[in-house]
Amino acid sequence: MASTIYGGLINREPITKGWSGDRKYCAEAANGTKYLLRVSPQEQSDKKKNEFIMMLRVSALGISMCHPVEIGSCDEGVYSLQKWIDGSDAEETIPTLSDTEQYAYGLDAGRILKTIHSIPAPEDLEDWETRFNRKIDRKLEMYSECPMIYENGQAFIDYIGENRHLLKNRPQCYQHGDYHIGNMMIGKDGKLYIIDFDRDDFGDPWEEFNRIVWCAQKTPLFASGMVNGYFDGDVPDEFWRLLALYISSNTLSSLPWAISFGQGEIDVMLNQAKEVLSWYDNMKNPVPTWYFKGYYLQYAGGIPYKLKSEFDFDFINKYGTVSKIFDDQDSGNICFGTEKNGERYFIKFAGAPTEQYTGNPSDAVSRLKATVPVYEALRHESLIEYIGSEEIGGGFAMVFKWADGECMGKMYPASRKKFMAMPIETKLAVFRDVLSFLEYSAAEGYIAVDFYDGSIMYDFDKKRTTVCDVDFFRKTPCVNDMGRMWGSSRFMSPEEFTLGAPFDEITNVYTIGALAFALFADCDRTREAWSLCDRLCSVATKAVSDNRSERQQSVRQFIDEWEEAERQS
């Protein structure tokens, strides 16, 4: 009969997501505790009990997962209760994160899988070569009888025929059975959680990677991290050859499986097979093109950040506890958000071997030191507040007052998505704030070199715009002394590519026009993409003219024309 917990459930909310035949619910007890309730047909009782027992063994390994709580019979069949995971689906969340976070979660997934595989298979289990060859034969038969075929599906068949010998003497262990990003969650605590053990089995541990196709389609960095985490960065060549065999077998059976679910699923499998063949060069290269050998990662406050090589950041503790890290800059800088004595700070540091920077760290230090006069000179309400700087940790650090906000920069996908979803009126307010700052900068004699979407943040709560990066602003008079200047090409005027070209307010006007198209047309400079009126589009189009003489000749002129266009609209 039902136990105390099951019998005491007071509410059930159905969960419809997933391919399992189980009925699933978010169930709540009288004390407010939530559980995942799964109800299966009574004939699956033995299978579900064995699954529950194996989940207990996995849970005992300390893995973050849907921990089993209770199993028993009920009027509807056999039920099981698992601890409720408060969080979001990994397949939706992880692709929106930074490259570092995507890769780090992949490492976690690989290490967790390695731990799961530490549970041995029964000693009397049939050898893997015999078992899987039987499965291959069945899948080949399914594909041969299927009314549809893949374009160049013969490549899968040929690869299988040439590589079956790799199955000989393969070890076996416990398998999750359906291990991929769709069966994972990101908890509110930031941890990766593994769910849905209902297809668990025993077999070759490397066969468990056959669902990595789904991971690679969502985020290649996560898939790469998963492989590297499992093998601790030392991936055997034989693994790739075997994985290609397992994926070939799996892909062949996917099309016959999809037919009963309709054209939508058929199209998914046809497209997936096409993509798989492109990864493997029609099964001629066993290492898929999505694979990335990985970053060197360090951690501060439990937060990962990537570098080219090891660097001692212990000194960062001087500025407080690390709560945020920004490591995607190509300037040679790495930035930390810290908190100390109730105050929050933004630390910009040069001197470390950052991943995205191709130059010498000492040059990055010199450039960062050169920015101090810029921040000292430009004290504007929209510019991040500069506090001080010092030589430390073998490099140079600048300290700013922390500013909350979502960044417009493409290097932070989740933040950018929220920023770009802002209402038009909010975007207009941000644009006005930036115009005010750039007009002020021009009045102070500075040209906005390397000013782009990654320099702009917006705090939804305080309704405040923050400009956070003016490192390469130049004091006038000045000219292009590099050729291709620092910056994002989406925001750069022709003179920022031309050695000896003058930099002045007309250069800033181009940057402003580019920003307008970024805010109101997602960088598409066509009228069709523009979300404001025709008059405002004309003002922005004039600003991004390649011909300097055709642009507005000052920031103030741009502002006047923009405001006049707004009044006439």
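Heads up: these notes are all about the structure in this document.

The rules behind these values
- Residues numbered from 1 in each chain as written.
- Predicted model: local features only at pLDDT ≥ 70, side-chain atom pairs only at ≥ 80, totals over all residues.
- Heavy atoms only, no water.
- Helix = DSSP H or I, 4+ residues; strand = E, 2+ residues; numbered from the N terminus.
- Pairing = 2+ DSSP bridges.
- Axes fitted to C-alpha atoms, helices over the stretch in contact; angles between N-to-C directions.
- Contact = heavy atoms within 4.5 Å.
- Nonpolar A, V, L, I, M, F, W, Y, C, P; charged D, E, K, R; others polar.
- Phe/Tyr/Trp six-rings, centres within 6.5 Å; stacked < 30°, edge-to-face > 60°.
- Buried < 20%, exposed > 50% of the residue type's maximum accessible area, 1.4 Å probe, protein only.
- Lys NZ or Arg CZ within 6 Å of the ring centre and 35° of its normal.

### A few points about the environment of Asn210
Logical step 1: Along the chain, Asn210 falls in the loop between strand 10 (201–203) and helix 7 (212–218).
Logical step 2: Remark: the alpha-carbon pair of Asn210 and Ala258, spanning 48 residues in sequence, is separated by 17 Å.

### What about the sheet that holds strand 3 (residues 34–40)?
Logical step 1: Pairing is antiparallel across the open sheet formed by five strands, whose spatial order is 1-2-3-5-4. This sheet does not close on itself; its edge strands, each paired only once, are strand 1 (9–15) and strand 4 (68–74). Ignoring strand direction, the axes of neighbouring strands in this sheet form an average angle of 25°.
Logical step 2: Taken together, the six bridges between strand 4 and strand 5 (residues 77–83) define a ladder with antiparallel strand orientation. Residue Pro68 lies in a different strand from strand 5, and its bridge partner there is Gln82.
Logical step 3: Taken strand by strand, helix 2 (residues 45–59) contacts strand 3, strand 4 and strand 5, and its axis lies near 170° from that of strand 4.

### Re the packing of helix 14 (residues 505–521) against helix 16 (residues 555–568)
A packed helix pair is summarised by two numbers, namely the angle formed by the two axes and the spacing between the axes.
Logical step 1: Relative orientation of the contacting elements helix 14 and helix 16 amounts to 40°, with a least axis distance of 8 Å. When helix 14 is examined against helix 16, the residues Glu505, Asn508, Val509, Ile512, Ala516 and Phe520 are found in contact with a partner set consisting of Val555, Arg556, Phe558 and Trp562.
Logical step 2: For the contact of helix 14 with helix 16, the class distribution of residues is seven nonpolar, one polar and two charged.

### Considering the packing of aromatic side chains
Logical step 1: Tallied over the full model, the rule gives 51 aromatic pairs.
Logical step 2: Between the aromatic rings of Phe346 and Trp402, the centroid separation amounts to 6.3 Å while the plane-to-plane angle is 50°, which identifies the pairing as tilted. Pair noted here: Phe346 is in strand 15 (residues 343–350) and Trp402 is in the loop between strand 17 (395–401) and strand 18 (406–407), with a separation of 56 residues, a long-range link.
Logical step 3: Given the relative accessible area of 12%, Phe346 is considered buried.
Logical step 4: Summarising the aromatic geometry, the rings of Phe472 and Trp486 are spaced 5.0 Å apart at their centres and angled 20° between planes, so their arrangement reads as stacked. Separated by 14 residues along the polypeptide, Phe472 in the loop between strand 21 (464–467) and strand 22 (474–475) and Trp486 in the loop between strand 23 (478–479) and strand 24 (502–503) bring together distant segments of the chain.
Logical step 5: An aromatic cluster is present here, built from Trp206, Phe209, Tyr230, Phe231, Phe239, Trp240, Trp279, Trp290 and Tyr291 joined pairwise through their rings.
Logical step 6: Over the ring of Tyr25 we find Arg12; its NZ or CZ atom is 5.5 Å from the centre of that ring.
Logical step 7: The aromatic ring of Phe460 is capped on one face by Lys418, whose charged end is 5.0 Å from the ring centroid.

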